[in-house]
Amino acid sequence: MTEQKAAGLTRRQRYEAAQRKRAAIIATTSTVLVVAAIVILVPMTPGWEKVQRSFFNGATLVQTFPKLLDAFKINVMIFAWSAPAIAILGLLIALARDTKSPALFPLRIFGTAFTDIFRGIPVILTVYLIGFGIPGLGLPCPWNSPYIWGSLALILTYSAYVAEIFRSGIDSVHHSQRSAALSLGLTERQVTRDVVLPQAIRNVVPAQMNMLIALQKDVSLLSFIGPVEIFRQAGVFKSLLANFTPYVGAAIIFLIVTIPATRYADYLMARQRQERR
Amino acid sequence: MAKLELRGVVKRFGDVTVCDGIDLDVEEGQMVCLIGASGGGKSTLLRCINLLEPIEDGAILLDGEDVSVPGLDPQRVRSRIGMVFQSFNLFPHMTALENAMLAPRRVKGKSREEVRPEVEALFTRFGLADRMDKYPDQLSGGQQQRVAIVRALAMKPDVMLFDEITSALDPQLVGEVLDVLLQLKAEGMTMVLATHEMEFARQAADKVCFLKDGKIIEEGPPSEIFNAPKRAETRAFLERALK
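Residues numbered from 1 in each chain as written. Chains lettered and ligands numbered in written order. Predicted model: local features only at pLDDT ≥ 70, side-chain atom pairs only at ≥ 80, totals over all residues.

Turning our eyes to something else, we now look at the interface of chain A and chain B. Contact with chain A, which involves 16 residues of that partner, is made by 18 residues of chain B. Only α8 (175–183) and α9 (188–218) of chain A provide two or more residues apiece to the side of chain A that touches chain B. Class assignment of the residues belonging to the side of chain A that touches chain B gives a composition of 6 nonpolar, 8 polar and 2 charged. (Contact = placed C-beta atoms within 7 Å. Helix = DSSP H or I, 4+ residues; strand = E, 2+ residues; numbered from the N terminus. Nonpolar A, V, L, I, M, F, W, Y, C, P; charged D, E, K, R; others polar.)

Okay, helix α5 (residues 105–120) of chain A next. Residues and elements named next belong to chain A. Helix length check: α5 (16 residues) gives 23 Å between terminal C-alpha atoms against 22 Å at 1.5 Å per residue, within 8%. Those residues of α5 lying buried are Gly111, Thr115 and Phe118. In a view along the axis of α5, the buried residues occupy a sector of 90°, so they form one face of it. Relative to its buried face, α5 has exposed residues pointing more than 90 degrees away, namely Phe105, Pro106, Ile109, Ala113, Asp116 and Gly120. Structurally, α5 contributes buried residues whose contacts are with α4 (58–98), α6 (123–133) and α7 (146–172). (Expected span 1.5 Å × (residues − 1). Buried ≥ 20, exposed ≤ 12 C-beta atoms within 10 Å, placed from the backbone. Arc of directions from axis to C-beta.)

Domain boundaries assigned for chain A yield domain 1 (2–44) and domain 2 (63–276). When each unit is reduced to the centre of its C-alpha atoms, the spacing between domain 1 of chain A and domain 2 of chain A is 42 Å. (Domains from an automatic or database assignment.)

What follows is about the packing of α6(A) against α7(A). Residues and elements named next belong to chain A. Here α6 crosses α7 at 140°, and the two axes come no closer than 8 Å. Judged by the inter-axis angle, α6 sits oblique to α7. The two elements α6 and α7 cross, and the hand of that crossing is right-handed. In this structure, α6 uses Val123, Thr126, Val127, Ile130 and Gly131 to contact α7, whose residues at the interface are Pro146, Trp149, Gly150, Leu152, Ala153, Leu156 and Thr157. Taken together, the residues that form the contact of α6 with α7 break down as 8 nonpolar, 4 polar and no charged. (Axes fitted to C-alpha atoms, helices over the stretch in contact; angles between N-to-C directions. Parallel < 35°, antiparallel > 145°, perpendicular 65-115°, else oblique. Left-handed = near helix turned anticlockwise from the far one by under 90°.)

With that settled, consider the confidence of the model for chain A. Summing up the model confidence of chain A, the mean pLDDT is 89 and the portion of residues at 70 or higher is 96%. Confidence, read as mean pLDDT per element, is least for helix α1 (residues 2–7) of chain A in chain A (52) and greatest for α8(A) (95). (pLDDT = per-residue confidence, 0-100.)

The side chains of a regular strand alternate, residue by residue, between the two faces of the sheet. All names here are of chain B. Looking at chain direction, strand β9 (residues 207–212) and strand β10 (residues 215–220) are connected through 5 bridges and run antiparallel. Bridging from a neighbouring strand, Cys209 pairs with Glu219 of β10. A loop of 2 residues connects β9 with β10, the two strands running antiparallel in sequence, and Asp213 in this loop sits at a positive phi of about 50°. (Pairing = 2+ DSSP bridges.)

Residue and element names in this part refer to chain A. Between α4 and helix α10 (residues 230–241), whose axes approach to 8 Å, the crossing angle comes to 150°. The angle between α4 and α10 falls in the class roughly antiparallel. The handedness of the crossing between α4 and α10 comes out as right-handed. Residues Thr60, Thr64, Lys67, Leu68, Ala71, Phe72 and Asn75 of α4 form the contact with α10, whose participating residues are Ile230, Gln233, Ala234, Phe237 and Leu241. Per-class residue counts for the contact of α4 with α10 are 7 nonpolar, 4 polar and 1 charged.

Residue and element names in this part refer to chain B. Spatial strand order, β6-β7-β8-β3-β9-β10: 6 strands in an open sheet with mixed pairing. For this open sheet the edge positions go to β6 (81–84) and β10, each flanked by a neighbour on one side alone. With direction set aside, neighbouring strand axes in the sheet form an average angle of 20°. When strand β3 (residues 31–35) meets β9, the two strands line up parallel, connected through 4 bridges. Its bridge partner lying in β9, Val32 is registered against Lys207.

Residues and elements named next belong to chain B. Read across the sheet, 4 strands follow the order β2-β1-β4-β5 without closing on themselves; strand pairing throughout is antiparallel. The sheet is open, and its two edges are formed by β2 (16–26) and β5 (65–66), each paired on a single side. Alignment of strand β1 (residues 4–13) against β2, held across 8 bridges, turns out to be antiparallel. Residue Glu5 lies in a different strand from β2, and its bridge partner there is Asp25. Along the sheet face, helix α1 (residues 42–49) touches β1, β2 and β4 (57–62) and points at about 65° away from the line of β2.

Once that is clear, we can look at the UniProt feature "transmembrane region" (unreviewed entry) in chain A. Using the residue numbers shown here, the UniProt feature "transmembrane region" (unreviewed entry) corresponds to residues 23–44, 74–96, 117–135, 147–166 and 240–261 of chain A. Across residues 240–261 of chain A, the secondary structure splits into 86% helix and 0% strand, with the terminal C-alpha atoms separated by 33 Å. (UniProt positions renumbered as here; feature names shortened; annotations may be inferred.)

A few words now on the environment of A:Tyr247. All names here are of chain A. Tracing the backbone shows Tyr247 in helix α11 (residues 245–276). A residue is classified by how many C-beta atoms lie within 10 Å of it, and Tyr247, with 19 of them, is partly exposed. Once the C-alpha coordinates of Tyr247 and Phe55 are considered, the two residues, 192 residues apart in sequence, prove to be 7.9 Å apart. Ignoring sequence-local partners within four residues, the contact set of Tyr247 consists of Ala234 and Lys238.

Turning our attention to the environment of B:Lys11. Residue and element names in this part refer to chain B. With respect to the element layout, Lys11 can be found in strand β1. Overall, the presence of 22 C-beta atoms within 10 Å leaves Lys11 in the buried class. Between the alpha carbons of Lys11 and Cys48 there is a distance of 8.0 Å; along the sequence they are 37 residues apart. Among residues more than four places away in sequence, those in contact with Lys11 are Val18, Cys19, Thr44, Cys48, Glu53, Ile55 and Glu56.

Here you go:
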């Protein structure tokens with residue numbers, strides 16, 4: 001007892017401090033070893049110098065980076081108008097799939113078909129089909145723009161996923177909440193709007209954050225049908241300079257955006273887990 | 001004419017008959033306690049009265065009007081019959097005050113300003129004035145259940161149903177919730193309770209009904225049911241429950 005008092009720590013606290021110290025030493029050592037192995041071993045490979053020249057060329061990176069950033073604005077723009085459209089359409093599809101009214105039965109079928117179809121087709125295929133197909137109808141400017149139809153392809157595909165996440169959120173609200181609200185005299189619609197949806201949406205925010213991150217990356221798929229966004233711009237530079245470094249530059253720009261977003265989504269999930277405990 | 005009358009109410013879930021022809025009269029201002037083992041049909045009966053479960057056969061009359069007619073607008077009936085649940089079921093994303101104001105605003109179409117003073121008065125009456133702006137998570141079980149009662153009362157119902165409302169509470173919190181029931185009884189509220197609180201039923205109920213296998217086996221004033229039960233099943237249940 002007196003010994004413990006002298007140290008100012010309980011037996012348990014001293015044990016845990018020792019454990020933490022041990023874990024820190026092991027983590028540091030293994031990290032140093034792995035990094036050292038990469039730094040030493042990779043340059044020893046026969047093709048390293050060539051790879052370094054064509055992928056990690058400092059001069060090319062500096063030369064192309066500002067233009068890549070410029071092109072990234074197009075990604076941001078497409079993202080900015082697609083994301084809200086996806087949120088709204090996704091929510092509507094989720095509600096349509098859960099509707100019980102017989103008059104809205106066609107809507108329910110439509111919702112189910114919609115999610116089945118757009119979750120079942122690779123994004124790139126949807127982009128191609130809609131992005132080339134619809135302008136092929138010979139629509140007048142601006143209705144032949146790949147920006148519009150490419151964005152639509154993304155909106156349709158992502159809405160299907162987002163709708164399923166919303167639906168799992170709606171299911172996660174305990175049915176007793178619905179009973180309680182109904183017992184007060186609220187209509188089914190009011191119950192959904194005032195009681196179920198606010199809780200459902202809150203429950204799926206972290207999962208939807210992941211969809212946003214994925215969308216940010218998939219905007220690049222539109223490059224296949226025309227828009228000169230960052231991936232396409234990097235491709236142009238690659239052809240001009242015969243060097244792959246612009247792709248690495250593009251990857252860096254994506255990471256600058258997606259890493260903080262991923263961290264934030266993780267933080268939200270961790271917080272939610274804590275709240276549920 | 002009784003305030004609330006049940007006539008041969010039958011409720012089945014698949015092949016299981018949960019309520020098997022229940023007749024019950026609840027007079028205005030009466031407190032009726034339903035007792036019996038879990039699974040006896042008490043909770044289901046309450047849910048049927050509130051039209052949360054459609055009944056297969058029989059009728060439920062409120063002020064002489066058959067409210068169990070299939071196709072009748074259930075909202076209108078439910079807004080006259082308040083219900084409180086074992087698990088409180090407060091809306092976790094709203095403060096206590098918002099919980100209680102939601103139904104008057106949505107169902108009766110009143111504005112926040114109209115509803116607020118009435119609802120605040122209810123909170124004050126049940127000793128919850130300083131808890132109005134808290135979220136359910138921030139309240140004790142007893143407080144949450146009292147808020148749930150206030151939420152139901154905010155609709156000014158004619159009849160209140162209580163479904164084992166103290167069963168999920170720590171023993172020391174039961175008293176504050178039962179006190180609310182006594183207060184309501186004193187004010188003349190018509191109430192039906194499903195309860196395991198035998199002592200409370202004995203002291204406060206006007207009528208006690210013993211349910212078993214979906215039937216009312218025996219009913220009468222608490223003095224008769226608890227002191228001189230006529231049926232063997234009632235005696236057996238009470239022996240176990242009062243031990």
